[in-house]
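# Coordinate inspection notes
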Amino acid sequence: MEQNTIHSPILLAASSLSAAEWAALQTLLIALKLRDEATYQHSLRVADLARRISARFGLSGTEQQDVLLAGLLHDIGKLAVPDQVLNKQSKLTRSERQEIARHPTLSSEILLPFGKFDKVRAIILQHHERYDGTGYPSGRRGDEILIESSILAVVDAFDAVCHERPYRLPLTSEEALGWIESESGRQFRPAAVHALVEEFETADALESRVPEPAKVLDRWDSLLPFKVSS
Ligand SMILES: [Fe+2]
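Please read all numbers here as calculations on a predicted model, not as lab measurements.

Before going further, it helps to examine the overall build of the protein. Scanning the protein from terminus to terminus reveals 13 helices and zero strands. From first element to last, N terminus to C terminus, the protein shows the α and β order α-α-α-α-α-α-α-α-α-α-α-α-α. Considering the protein as a whole, with its 230 residues, one finds that 37% of them fall into the buried category. Across the protein, contacts joining residues at least 24 apart in sequence account for 64% of those joining residues at least 6 apart.

See the structure below:
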């Protein structure tokens, strides 16, 4: 019983897929883990939190599943980004940032063989669009951006700044939420910011104020067919 509760996010995702699709999805995640452990861990945390935010938003069960899958796979295109860019220890140059900026399109294209992932691919493609229209790849603005992508964008950014990168220290969750709020209506959709802040204001979310990679990883990793050593 407890098992079901703990694993409910991934079971929710798996339940919408055929056995072959589920196996293919796990294979992609294992490939990501082997290539870039940090992005793999980030993807698991983002999937988990984005699904919770989408539930708070009142999205349907199917829409929540799409957000969950999009969270898991939003950075899968980084498999195609060269090591010297992906693992660079200093700040990226303009051309390196352009290289990284291909990943929403690449992630979406990698998933093309999943016939019924059209919505998931659309969510992923738009996860770096900005509410003010200055994002990429299409410069969509405001309501032109899928609400699921706006949720993914805010959770993606929140998780990214809460974790250390070679060229910067992590923010605390309070600092990160403050920054996210300062970007409401600019980088981020106000309603998505509101839902994220609300999630962290509820008493039962206290434990998850700081993302808990180990806890999230434990419950997701145990569902992979075998342990992957790094
Ligand atoms: Fe991304």
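Now, onward.
It is worth spelling out the nonpolar core at this point. Among the nonpolar cores identified, the biggest contains 43 residues, and Ala50, Ile151, Val154, Val155, Ile180 and Leu196 are the most heavily contacted of them. The set of elements that each furnish at least two residues to this core consists of helix 3 (19-35), helix 4 (37-56), helix 5 (61-73), helix 9 (118-125), helix 10 (147-161), helix 11 (173-182) and helix 12 (190-201). Per-element tally for this core: the top contributor is helix 10, with eight residues. Not counting the four nearest positions on each side in its chain, Ile151 is found in contact with Ala50, Ile53, Ser54, Phe57, Val67 and Ala192.

A word on the environment of Lys116. In this structure, Lys116 sits in the loop between helix 8 (103-110) and helix 9. Assessed through the 10 C-beta atoms surrounding it within 10 Å, Lys116 is described here as exposed.

On average, the protein scores 84 in pLDDT, and the residues at 70 or more come to 81%. The least confident element of the protein, judged by mean pLDDT, is helix 1 (residues 2-6) at 36; the most confident is helix 9 at 98. Counting interchain partners and residues more than four positions distant, the pLDDT-below-50 stretch residues 225-230 has five contacts.

This part takes up the packing of helix 3 against helix 4. Where helix 3 contacts helix 4, the two axes come as close as 5 Å, and the packing angle between them is 135 degrees. Between helix 3 and helix 4, the angle falls in the class oblique. On helix 4, the residues touching Leu29, Leu32 and Lys33 of helix 3 are Glu37, Thr39, Tyr40 and Ser43. Of the residues in the contact of helix 3 with helix 4, the class split is three nonpolar, two polar and two charged.

What counts, and at which threshold
Residues numbered from 1 in each chain as written. Predicted model: local features only at pLDDT ≥ 70, side-chain atom pairs only at ≥ 80, totals over all residues. Helix = DSSP H or I, 4+ residues; strand = E, 2+ residues; numbered from the N terminus. Buried ≥ 20, exposed ≤ 12 C-beta atoms within 10 Å, placed from the backbone. Contact = placed C-beta atoms within 7 Å. Core = buried A, V, L, I, M, F, W, Y, C linked by C-beta atoms within 7 Å. pLDDT = per-residue confidence, 0-100. Axes fitted to C-alpha atoms, helices over the stretch in contact; angles between N-to-C directions. Parallel < 35°, antiparallel > 145°, perpendicular 65-115°, else oblique. Nonpolar A, V, L, I, M, F, W, Y, C, P; charged D, E, K, R; others polar.

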